[in-house]
Amino acid sequence: MAVIQWFPGHMAKALRQIREQMPLVDIVFELVDARVPYSSQNPEVALAAGEKPRLLIMTKTDLADQQRLAEWLQFFKEKGQPVLALDSRQHNVAKIVTAKSKEILREKLAEEAAKGLKKRPIRAMCVGVPNVGKSTLLNHLVKKNVAVTGNRPGVTTGQQWLRSSAELELLDTPGVLWHKFASAKQGQMLALSGAIKDSLYPKDDVALFALRYLREHHPDMLRERYRLSEADLAEEVTDPDLLLTITQKMGFRDDYDRASERLIFDLRKGKLGPITMEVPADLNAEGINE
């Protein structure tokens, strides 16, 4: 399994700016991908936030397994971590996020009111790994297209302040990863989710990782999407042989690189069905997805 890593200079700069701007905000909105909700948490964000309240916002919930989503919500709540699961396109998303922020900051806001301070908007910093859907959420919070969106990492390149309402202001930041992932599996999951630039990893390696997962957890999805028989998915068939079979089913002959890319994009876009590739039970004592 290839070790995947991506931490270019602009991300180091973005992390430094996040640390510098942290004193200016009341709360941090950390967006995580609901399909890989643990692996898409950046440990540098928690370090930078320190004692600052953090709200985890699980995005792309329409692409996630709803039972697994409920498990993760329960997991985070038991850890005392405030969390929301959102479809960023829902019409009342700004109301939901604002209400949750006011709940988390209730004591601080009450203290300011008791001191006679003028009521002001909550200031929130929005952070997340690349391609987590941050710009899409921000555009719905602000109710206009102020953040550039795109189904690829690296779309947001600088910080900007945005106003959601008289009650909420948002600091948008570029998507950031960190210098070393906890495991090779985490890198593979981030690549599958679209957080890592597609030109930076071997497609067949990531496609084989996806096949191993799908064969174990969602064989019916594979069977239906790629018109596979029971014999194609038999236990004695190796993952590389299965990938070659899928390549031929797609009409790509022996171009398994092209088929690998198609498989990755199919999974990423939800064409196989709703999938969550992590469950809380997979975490070991060190918090690493085994």
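This text follows the structure it describes.
Residues numbered from 1 in each chain as written. Predicted model: local features only at pLDDT ≥ 70, side-chain atom pairs only at ≥ 80, totals over all residues. Heavy atoms only, no water.

Asks: Residue-level account of the pairing of strand β1 (residues 27–33), with values.
Replies: Within β1, seven of the seven residues are buried, leaving the element largely enclosed by the surrounding structure. Inspection of the sheet shows β1 paired to strand β4 (residues 122–128) by five bridges, in the parallel sense. Paired with F29 across the strands is C126, a residue of β4. Where β1 lies against strand β2 (residues 54–59), six bridges are found, and the strand directions are parallel. Paired with V28 across the bridge in β2 is R54. Viewed along the sheet, the connection from β1 through helix α2 (residues 43–49) into β2 turns out right-handed. (Buried < 20%, exposed > 50% of the residue type's maximum accessible area, 1.4 Å probe, protein only. Helix = DSSP H or I, 4+ residues; strand = E, 2+ residues; numbered from the N terminus. Pairing = 2+ DSSP bridges. Right-handed = clockwise from strand over helix to strand, strands pointing away.)

Asks: Describe the nonpolar core, naming the residues involved and giving the relevant values.
Replies: If you look at the biggest cluster of nonpolar residues, it comprises 77 residues, and the most contacted ones within it are F29, L170, L177, I196, L222 and M277. Top contributing element to this core by residue count: helix α8 (residues 203–217), with eight residues. What M277 contacts, discounting residues up to four positions off in sequence, is R35, V36, M189, L192, F209, Y213 and L267. V32, L56, W72 and L73 belong to the second-largest nonpolar core, a separate cluster that totals 12 residues. (Core = buried A, V, L, I, M, F, W, Y, C linked by side-chain atoms within 4.5 Å. Contact = heavy atoms within 4.5 Å.)

Asks: Could you give me a rundown of the packing of helix α10 (residues 239–249) against helix α11 (residues 256–268), with the residues and numbers involved?
Replies: Between α10 and α11, the shortest axis-to-axis distance is 9 Å and the interhelical angle comes to 90°. Between α10 and α11, the interaxial angle falls into the category roughly perpendicular. Judged by residue contacts, L243, L244 and T247 of α10 engage Y256, A259 and S260 from α11. In terms of residue class, the contact of α10 with α11 is made up of four nonpolar, two polar and no charged. (Axes fitted to C-alpha atoms, helices over the stretch in contact; angles between N-to-C directions. Parallel < 35°, antiparallel > 145°, perpendicular 65-115°, else oblique. Nonpolar A, V, L, I, M, F, W, Y, C, P; charged D, E, K, R; others polar.)

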